[in-house]
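The lines below spell out each chain.
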Amino acid sequence: MIRMTTESTSHAADIEAIRRLVATVEHSQQSKDPEEFLGLFHPDAVWTTAHGKVLIGLDAISEFTRKVLPAASWDGKVTYEVVHVLFIRPDVAAVKVRQRYLAPGEESEGAPLYVISKQADGRWLLTACQNTGVVTDRS
């Protein structure tokens, strides 16, 4: 169930479009497909990786993604789940995602935040994103 801070049924179509966007992120990561992934970004997007690398603009994001994604070395599955949506404006939303890497005998989690913007043609695009790893408290 997605939690929303904006109480309105008028956002139902947007919520579904946001779910599809995140599902495409998941698919592109599972298939290690940089072109599918890059097609989700606004040209002026800002992306911060889980390791803190800041990428500004689609050219920088593309260079990094084309180098790193096809060479990703996980053996398993990655999943993405929309857990919270805040509509900042009707055409801008902050989307909290639960990201899980599942491999035999191994699991890790991320907590990305995607600020996405709705384009004139109705598409939602990744605009400002922070991919944050979740550290398990081992105390």
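One can find the structure itself at the top, above this paragraph.
Structural notes, computed from the coordinates. No experiment lies behind these values; they were computed from the predicted model shown.

1. Thoughts on the overall build of the protein chain
Stage number 1. Each helix and strand in the protein chain was counted, giving 3 helices and 8 strands.
Stage number 2. Taken from the N to the C terminus, the helices and strands of the protein chain come in the order β-α-α-β-β-α-β-β-β-β-β.
Stage number 3. When each of the 139 residues of the protein chain is scored for burial, the buried share is 37%.
Stage number 4. Pairs at least 24 residues apart make up 48% of the contacts formed inside the protein chain by residues separated by at least 6 positions.

2. Overview of the packing of aromatic side chains
Stage number 1. Under the definition given, this model contains 5 aromatic pairs.
Stage number 2. Summarising the aromatic geometry, the rings of F37 and W47 are spaced 5.6 Å apart at their centres and angled 90° between planes, so their arrangement reads as edge-to-face. With a gap of 10 residues between them, F37 in helix α2 (residues 34–38) and W47 in strand β2 (residues 41–48) connect regions that are remote in the sequence. The pair F37 / W47 is uniform in exposure class, with both members buried.
Stage number 3. Ring centres of F41 and W47 lie 5.3 Å apart, and the angle between their planes is 75°; on these two criteria the pair is classed as edge-to-face.
Stage number 4. Exposure remark for F41: the relative accessible area of 4% places this residue in the buried category.
Stage number 5. The class for W47 is buried, based on a relative accessible area of 8%.
Stage number 6. Cluster of aromatic residues (ring-pair linked, three or more members): F37, F41, W47 and Y114.

Each value, and the rule that gives it
Residues numbered from 1 in each chain as written. Predicted model: local features only at pLDDT ≥ 70, side-chain atom pairs only at ≥ 80, totals over all residues. Heavy atoms only, no water. Helix = DSSP H or I, 4+ residues; strand = E, 2+ residues; numbered from the N terminus. Buried < 20%, exposed > 50% of the residue type's maximum accessible area, 1.4 Å probe, protein only. Contact = heavy atoms within 4.5 Å. Phe/Tyr/Trp six-rings, centres within 6.5 Å; stacked < 30°, edge-to-face > 60°.

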